[in-house]
Amino acid sequence: MSTLFEPFTLRSLTIPNRVWMAPMCQYSAPVTGPDTGAPGDWHLAHYAARATGGTGLILVEATAVAPEGRISPADLGLWNDTQTAAFRRIAGFLAGQGAVPGIQLAHAGRKASTGLPWQGGAPVGPGEHGWQPVGPSPVPFDEGHPVPTELTVDQIALVVQQFARAARRALEAGFRVAEIHGAHGYLIGEFLSPHSNHREDRYGGSFENRVRFALEVVDAVRAVWPDELPLFFRVSATDWLEGAGWTADDTVRLAALLREHGVDLLDVSSGGNAPRVRIPAGPGYQVPFAARVRAETGLAVAAVGLITEAGQAAKILANGEADAVLLGRELLRNPSWARQAAEALGAEVPVPPQYLRSLLRSR
Ligand code: FNR
């Protein structure tokens, strides 16, 4: 019998199974007015469907800790009471369905202020609800991207506090897992990598200096996040810059530090900090990075990236490569993936009574 549908306990929180939803931006929040950045009907319907589909943990998409930390003007945010109240409705519904509500807290850094992906996703300026992005160094992500404003040390301290405040709001809203977004070339990832961090102060240069901001965010969030509840961190295991930039060795080193600072699980992704790199994408291509962190640090890990088949997911766990799997696009295609995988593997996940007659065995 697969462990995919066995519970997993971190601190005092038991997650009912190990099929989890990866954070995925929906770019569907109002861009102006009092509800700016607040989740609405789309978000409720979207996350609710994955909860009723048997997903054990739902990581709500990258949610900005400050307005200028949004990837696009239509991103979710968690910096005011209106947003907090709107998230409470979603977290409450997910929990009512037996799914653990989690949320990814994010700051987009130099990759902020872009348009909707389905409209090309190019940078947008103040005339299109955009703004001037910030980053560790005045180095743009790519041609055609603005030169970010280099954060001062005082501004860095403010962002750290913004993460902590957003975490407190996430707790108030009913979330039980907080994930800090340190991946994909957004602000924390920008600080980690020498590719994007050219600072010469205590936040740049050596490995210790480049991870300082990430650890300060972790400490500030951990200080407000209850001891009983787990804290996740998402990292890009590599920039895919062939030995340059941030590497898998750096990830293992960071993982050990994150563990000491109270992170309970590393969500291991990759890429996003350098454009046009060659990524050998294929089924489960990021799993080895997660497996290495788990083996070398003992930190719990979740694997993500082109995990689409029940047997494949079960094998990742059976091999001891990860403690859980995160599904992204497959859950967009099929909100009930978890229930169908459970049926295929001879396991069970609770089904809402309204849907009992949908079970294969009830035919
Ligand atoms: C993503 N991804 C992503 N990652 C993240 O850390 N925060 C986010 O908000 C988003 N947003 C997002 C939106 C959409 C539409 C997609 C498709 C992806 C990446 C996602 O979490 C996941 O890591 C990748 O999609 C790879 O997993 P799959 O899709 O191969 O299972």
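Bear in mind the structure is a predicted one, so any value in this text is a computation, not a measurement.

1. Describing the overall build of the protein chain
Right, so step 1: Of regular secondary structure, the protein chain possesses 11 helices and 13 strands.
Right, so step 2: The C-alpha atoms of the protein chain give 19 Å as radius of gyration, which agrees with the globular expectation for 363 residues (21 Å, within 12%).
Right, so step 3: Taken along its principal axes, the extent of the C-alpha atoms in the protein chain is 65 × 45 × 40 Å.
Right, so step 4: For the protein chain, the residues scored as buried account for 60% of the 363 residues in total.
Right, so step 5: For the protein chain, long-range pairs separated by at least 24 residues make up 70% of all intrachain contacts whose partners lie at least 6 apart in sequence.

2. Section: the nonpolar core
Right, so step 1: Grouped together as the largest cluster of nonpolar side chains are 105 residues, with contacts concentrated most on Trp20, Phe213, Phe233 and Leu266.
Right, so step 2: Here the element with the most residues in this core is helix α3 (residues 153–173); it accounts for nine residues.
Right, so step 3: If sequence neighbours within four positions are ignored, phenylalanine 233 has contacts with Glu179, Ile180, Gly182, Ile188, Ala214, Val218, Leu254, Leu258, Val263, Leu265, Leu266 and Asp267.

3. Let's talk about the pairing of strand β11 (residues 265–269)
Right, so step 1: Among the five residues in β11, five count as buried, and that is most of the element.
Right, so step 2: What you see with β11 is no split at all: Leu265, Asp267 and Ser269 on one side and Leu266 and Val268 on the other are buried throughout.
Right, so step 3: Both strand β10 (residues 231–236) and β11 contribute to a ladder of five bridges, which runs parallel. Note that in β11 the partner of valine 235 across the bridge is valine 268.
Right, so step 4: Note that the unit made of β10, helix α7 (residues 248–260) and β11 has a crossover that is right-handed.
Right, so step 5: Pairing of β11 with strand β12 (residues 300–304) involves four bridges; the strand directions are parallel. By the bridge assignment for β12, valine 268 is matched with alanine 303.
Right, so step 6: For the handedness criterion, the β-α-β arrangement of β11, helix α8 (residues 287–297) and β12 is classed as right-handed.

4. Details of helix α6 (residues 212–224)
Since there are 3.6 residues in each turn of an α-helix, residues three or four apart along the chain are aligned in direction.
Right, so step 1: The terminal C-alpha atoms of α6, which comprises 13 residues, lie 19 Å apart, in line with the 18 Å expected from a rise of 1.5 Å per residue.
Right, so step 2: By the burial criterion, the buried members of α6 are Phe213, Ala214, Leu215, Val217, Val218, Ala220, Val221, Arg222 and Val224.
Right, so step 3: For α6, the secondary structure elements touched by its buried residues are α3, β9 (177–182), α4 (187–192), α5 (207–210), β10 and α7.

5. Remarks on the packing of helix α2 (residues 81–96) against α3
Right, so step 1: Their axes nearest at 8 Å, the elements α2 and α3 cross at an angle of 45 degrees. When the interaxial angle is binned, α2 and α3 end up oblique. By crossing handedness, the relation of α2 to α3 is classed as right-handed. Residue-level inspection shows Asp81, Thr84, Phe87, Arg88 and Ala91 of α2 in contact with α3, the latter providing Arg169, Glu172 and Ala173.
Right, so step 2: Each residue belonging to the contact of α2 with α3 can be placed in one class, and the counts come to three nonpolar, one polar and four charged.

6. Let's talk about the pairing of β12
Right, so step 1: With five of five residues buried, β12 is to be regarded as a mostly interior element.
Right, so step 2: Of the two faces of β12, the one lined by Ala300, Ala302 and Val304 and the one lined by Val301 and Ala303 are each fully buried.
Right, so step 3: The pairing of β12 with strand β13 (residues 324–327) spans three bridges and is classified as parallel. Paired with alanine 303 across the strands is valine 325, a residue of β13.

7. Concerning the site of the ligand
Right, so step 1: Lining the immediate surroundings of the ligand are 15 residues, of which Pro23, Gln104, Leu306, Gly328 and Arg329 lie closest.
Right, so step 2: Measuring from an oxygen atom of the ligand, one finds a side-chain N or O atom of histidine 181 at 3.2 Å.
Right, so step 3: Between the ligand and leucine 306 there is a distance of 2.7 Å, counted from an oxygen atom to a backbone nitrogen or oxygen.
Right, so step 4: Alone, the ligand offers 600 Å² of accessible surface; in the complex the protein occludes 82% of this.
Right, so step 5: Of the residues contributing to the shell around the ligand, the split by class is eight nonpolar, five polar and two charged.

8. A word on unusual backbone geometry
Note on backbone geometry: most residues besides glycine have negative phi, and most peptide bonds are trans.
Right, so step 1: Of note in this structure, tyrosine 27 is not a glycine but carries a positive phi near 50 degrees.
Right, so step 2: Tracing the chain through its elements places tyrosine 27 in the loop between β3 (19–21) and α1 (41–52).
Right, so step 3: Although it is not a glycine, tryptophan 240 sits at a positive phi angle of roughly 60 degrees.
Right, so step 4: With respect to the secondary-structure elements, tryptophan 240 resides in the loop between β10 and α7.
Right, so step 5: Among the residues examined, tryptophan 240 registers a relative accessible area of 16% and is labelled buried.

9. Concerning the pattern of salt bridges
Right, so step 1: Counted by the stated rule, this structure contains 11 salt bridges.
Right, so step 2: Across the pair arginine 222 and aspartate 264 runs a salt bridge whose closest N-O atoms are separated by 3.1 Å. Highlighted residues: arginine 222 in helix α6 and aspartate 264 in the loop between α7 and β11, separated in sequence by 42 residues.
Right, so step 3: The residue aspartate 249 makes a salt bridge to arginine 292 at a minimum N-O spacing of 2.8 Å. Pair noted here: aspartate 249 is in helix α7 and arginine 292 is in helix α8, with a separation of 43 residues, a long-range link.
Right, so step 4: Residue classification places aspartate 249 among the partly exposed positions, given a relative accessible area of 49%.

Reading the values: rules and limits
- Residue positions are given per chain, counting from 1 as you read along its sequence in written order.
- Residue-level local features of this predicted model are given only where pLDDT is at least 70; pairs of side-chain atoms are given and counted only at 80 or more, and the full residue set underlies all totals for whole chains, interfaces and linings.
- Side-chain metrics rest on all non-hydrogen atoms present in the structure, leaving aside hydrogens and water.
- Strands are runs of DSSP state E lasting at least two residues, helices are runs of H or I lasting at least four, and both sets are numbered from the N terminus onward.
- As a reference, a globule follows 2.2 Å times the number of residues to the power 0.38, and the radius of gyration itself is taken over C-alpha atoms.
- Exposed residues in this analysis have more than 50% of their type's maximum accessible area, buried residues have under 20%, and partly exposed residues fall in between, with area computed by a 1.4 Å probe over protein chains only.
- Any pair of residues with heavy atoms lying within 4.5 Å of one another is described as a contacting pair.
- Definition used in this section: a nonpolar core is a set of buried Ala, Val, Leu, Ile, Met, Phe, Trp, Tyr and Cys residues joined via side-chain atoms within 4.5 Å.
- Two strands are counted as paired when DSSP detects at least two bridges linking them.
- With the strands pointing away from the viewer, any crossover whose connection runs clockwise from the first strand over the helix to the second is right-handed.
- Given the number of residues in a helix, its expected span is that number minus one, multiplied by 1.5 Å.
- Throughout, an axis means a line fitted to C-alpha atoms (over the contacting stretch in the case of helices), and angles, computed between N-to-C directions, take values from 0 to 180 degrees.
- Any angle between 65 and 115 degrees counts as roughly perpendicular, while under 35 counts as roughly parallel, over 145 as roughly antiparallel, and the rest as oblique.
- Crossings are sorted by hand: turned counterclockwise from the far helix by less than a right angle, the near helix makes the crossing left-handed, and turned clockwise it makes it right-handed.
- Throughout this entry, Asp, Glu, Lys and Arg are counted as charged residues, while Ala, Val, Leu, Ile, Met, Phe, Trp, Tyr, Cys and Pro are counted as nonpolar. The remaining residues, Gly among them, count as polar.
- Only heavy atoms are used to decide nearness, and a residue is near a molecule or strand if one of them lies within 4 Å of it.
- Counting of polar contacts relies on pairs of N or O atoms within 3.5 Å, with two restrictions inside protein: one atom must be capable of donating a hydrogen and the other of accepting it, and residues adjacent in sequence are counted only when both atoms are side-chain atoms.
- What sets the accessible areas is the Shrake-Rupley method with a 1.4 Å probe; for residues, cover comes only from the shown protein chains.
- Salt bridges are counted wherever a side-chain nitrogen of Lys or Arg sits within 4 Å of a carboxyl oxygen of Asp or Glu.

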